[in-house]
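Okay, here's what each chain looks like letter by letter:
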Amino acid sequence: MDLDLYIDDNVRLWQQKIRAFADEHLIPYEVEAELNDGVLPDDVKRRQHAVACELGLSRMDAPKTHGGLALGQKTQVAIWEQFGRVTNGLSWCFAEVYDWMFENCTALQLEKYILPLMRNETHVAYAITEAGPGSDAAGIKATAHYENGMFRLNGEKWFVTDANLSDFLIVQALVVGGDSDGEHAFFFVRIDADGLTINDNPPFSHTFAAHHPTYGFSDVMVPEADRIGKAGDNMTFTYSWFRRERLMIAARCCGAAERLIEEMQEFARTRELSDGRLLDKDWVKFAIADAATDLYAARLIVYDTAHSIDTGADLKKQHARCSMAKLFASEMVNRTADVAVQIFGGRGYMRTNAAERFYREVRVDRIWEGTSEIQRLIIARRVEKDGLKGL
Ligand SMILES: Cc1cc2nc3c(=O)[nH]c(=O)nc-3n(C[C@H](O)[C@H](O)[C@H](O)COP(=O)(O)OP(=O)(O)OC[C@H]3O[C@@H](n4cnc5c(N)ncnc54)[C@H](O)[C@@H]3O)c2cc1C
């Protein structure tokens, strides 16, 4: 299923490189990861990491002025779509830096935190969500009291993905005192900082090496130099990051749907029932046709949204379109995973089956980076303001 309008030679080249990486170095280790709490042997992880480094994946969103690849959104979508074909979070084998970091971090912060991340020497986790406000990040209660050139952080953060594998956190808190009194800000916090505690580490549906612990902050002292951005910026830089994250989740959902369709088609082709081949049942053919049509629609939304960002569409439009891409693609892949399990029958309920793992794993794509309901609110607000032309 090709999208000739969007996939030029460069995008196709990346698509092929990442597909080969996934097929050779990631997919063959999925079952081993599933049976070992997501953890793979060190030599396998080292190999995966080395290939990711060689491809320059950590630098895909970084500007060329800092040694980045500055790939367009279409190319990044093609990369993450191929990684979406992989289960167990195995494609998270490299650190990532983002364009917004280079525009908002000081030279010292780039040197200390961002460039080592881009060189794949360190890892970072993001601590934004809290139990109370949840989806409404504007309502967070964690505080950063400013005193004599230092910030004192207090609060609790939930779902800090990757924290068990990370060297530092980026934490969102409400500033109290100083120039930014009452504003939200991001802070770099070392994972071994005094006053930082793991309050809980619950198991989640998927089997990933990356955990999602709850962190407590009790008088964690952060120097002013480790605050990201400046007074009055209202953290507007985070919007481009949200857009990218939502679009890349949507791209991964498309990759997952592609793999699911291939897997269910192949199983139905070879599964002989007492009265004939499974693929010859009308309901199976229709289910595959619906899933393929759903995927085509999702890919069109995802690639067209990426194209609109690459060609400088109005920011409000970009924002709503990224929400539409995430909403549609995440709901689409959940439908596809459900029908894939049904086609596999009892085999689809085994954790060694890719359909079973996707069934659990893609569920979170309707929740993180803004739930489907939050995406709908964003889209509805846009339509309310400017009508359909606002999209
Ligand atoms: C596996 C996993 C990893 C995560 N990783 C991270 C991470 O690394 N860093 C981080 O900061 N966060 C992370 N999150 C948090 C994630 O972004 C939140 O779970 C998500 O934003 C939803 O917030 P919530 O869970 O508090 O749900 P709630 O906000 O409590 O929502 C509950 C329900 O209410 C609905 N709802 C909420 N507000 C409205 C509204 N205004 N109108 C209508 N319905 C509404 C929601 O759609 C949902 O159905 C992760 C979550 C998971 C599950």
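What counts as what
Residues numbered from 1 in each chain as written. Predicted model: local features only at pLDDT ≥ 70, side-chain atom pairs only at ≥ 80, totals over all residues. Heavy atoms only, no water. Domains from an automatic or database assignment. Buried area = accessible area lost by both parts, 1.4 Å probe. Salt bridge = Lys/Arg side-chain N within 4 Å of Asp/Glu carboxyl O. Polar contact = N/O pair within 3.5 Å; in protein donor to acceptor, adjacent residues only side chain to side chain. Helix = DSSP H or I, 4+ residues; strand = E, 2+ residues; numbered from the N terminus. Patch = residues over 30% accessible without salt bridge, like charges linked within 9 Å, V, L, I, M, F, W, Y side chains within 5 Å. Areas by Shrake-Rupley, 256 points an atom, 1.4 Å probe, with all protein chains shown as cover. Buried < 20%, exposed > 50% of the residue type's maximum accessible area, 1.4 Å probe, protein only. Near = heavy atom within 4 Å. Nonpolar A, V, L, I, M, F, W, Y, C, P; charged D, E, K, R; others polar. Phe/Tyr/Trp six-rings, centres within 6.5 Å; stacked < 30°, edge-to-face > 60°. Lys NZ or Arg CZ within 6 Å of the ring centre and 35° of its normal.

A. Fine view of the domain arrangement of the protein. By domain assignment, the protein separates into domain 1 (9–118), domain 2 (124–228) and domain 3 (238–390). Approximately 2500 Å² of surface area, both sides summed, lies buried where domain 1 meets domain 3, with 55% of it carried by carbon and sulfur atoms. For the domain 1 face of the interface with domain 3, the top three residues by lost area are Glu 34, Gln 73 and Glu 81, together amounting to 25%. The tally of links from domain 1 across to domain 3 stands at nine salt bridges. The salt bridge partner of Arg 357 is Glu 30, with a shortest N-O separation of 2.9 Å. Counting across the domain 1 and domain 3 interface gives 16 residue pairs in polar contact (both at pLDDT 80 or more). A total of seven residues in the side of domain 1 that touches domain 3 trace back to one element, the largest contributor, which is helix α4 (residues 73–83).

B. Inspection of a nonpolar patch on the surface at higher detail. There is a patch of nonpolar side chains on the surface, built from Met 1, Tyr 296 and Leu 300 and spanning about 290 Å² of accessible area. For Leu 300, a relative accessible area of 34% translates into the label partly exposed.

C. Representation of the site of the ligand. In the region of the ligand, 16 residues are neighbours, and Thr 129, Ser 135, Thr 161, Thr 371 and Glu 373 sit closest. Contacts to the ligand include Ile 128, whose backbone N or O atom sits 2.9 Å from an oxygen atom. At 2.6 Å from an oxygen atom of the ligand is found a side-chain nitrogen or oxygen belonging to Glu 373. Relative to its unbound accessible surface of 980 Å², the ligand loses 64% to contact with the protein. With three residues, helix α11 (residues 372–386) is the largest single contributor of residues to the shell around the ligand. Residues of the shell around the ligand, tallied by class, amount to eight nonpolar, six polar and two charged. No fewer than three residues from each of domain 2 (124–228) and domain 3 (238–390) sit in the shell around the ligand.

D. Layout of the packing of aromatic side chains. One pass over the structure, following the stated rule, counts 23 aromatic pairs. Aromatic side chains Phe 83 and Phe 94 sit 5.9 Å apart centroid to centroid with 40° between the ring planes, which places their arrangement in the tilted category. On the criterion of sequence distance, the pair formed by Phe 83 in helix α4 and Phe 94 in the loop between α4 and α5 (99–104) is long-range, its members being 11 residues apart. With respect to burial, Phe 83 and Phe 94 carry one shared label: buried. In this structure an aromatic cluster arises from ring pairing among Tyr 98, Trp 100, Tyr 126, Phe 186, Phe 237, Tyr 239, Trp 241 and Phe 242. Positioned above the aromatic ring of Trp 14 is the side chain of Lys 17, whose terminal nitrogen or guanidinium carbon lies 3.9 Å from the ring centre. We note Arg 252 situated over the ring of Trp 80; from NZ or CZ to the ring centre the distance is 5.2 Å.

E. Expanded view of the pattern of salt bridges. Scanning all chains against the criterion turns up 27 salt bridges. For Arg 152, the salt bridge identified is with Asp 219, shortest N-O distance 3.4 Å. One end of the pair, Arg 152, is in strand β3 (residues 150–157); the other, Asp 219, is in strand β7 (residues 214–223), with 67 residues separating them in the sequence. Among the residues examined, Asp 219 registers a relative accessible area of 40% and is labelled partly exposed. A single network of salt bridges, built from pairs that share partners, joins Glu 30, Arg 259, Glu 263 and Arg 357.

F. Local environment of the environment of Pro 202. With respect to the element layout, Pro 202 can be found in the loop between β6 (196–200) and β7. Looking at Pro 202, the relative accessible area reads 29%, which means it is partly exposed. Between the C-alpha atoms of Pro 202 and Ala 62, which are 140 residues apart in sequence, the distance is 33 Å.

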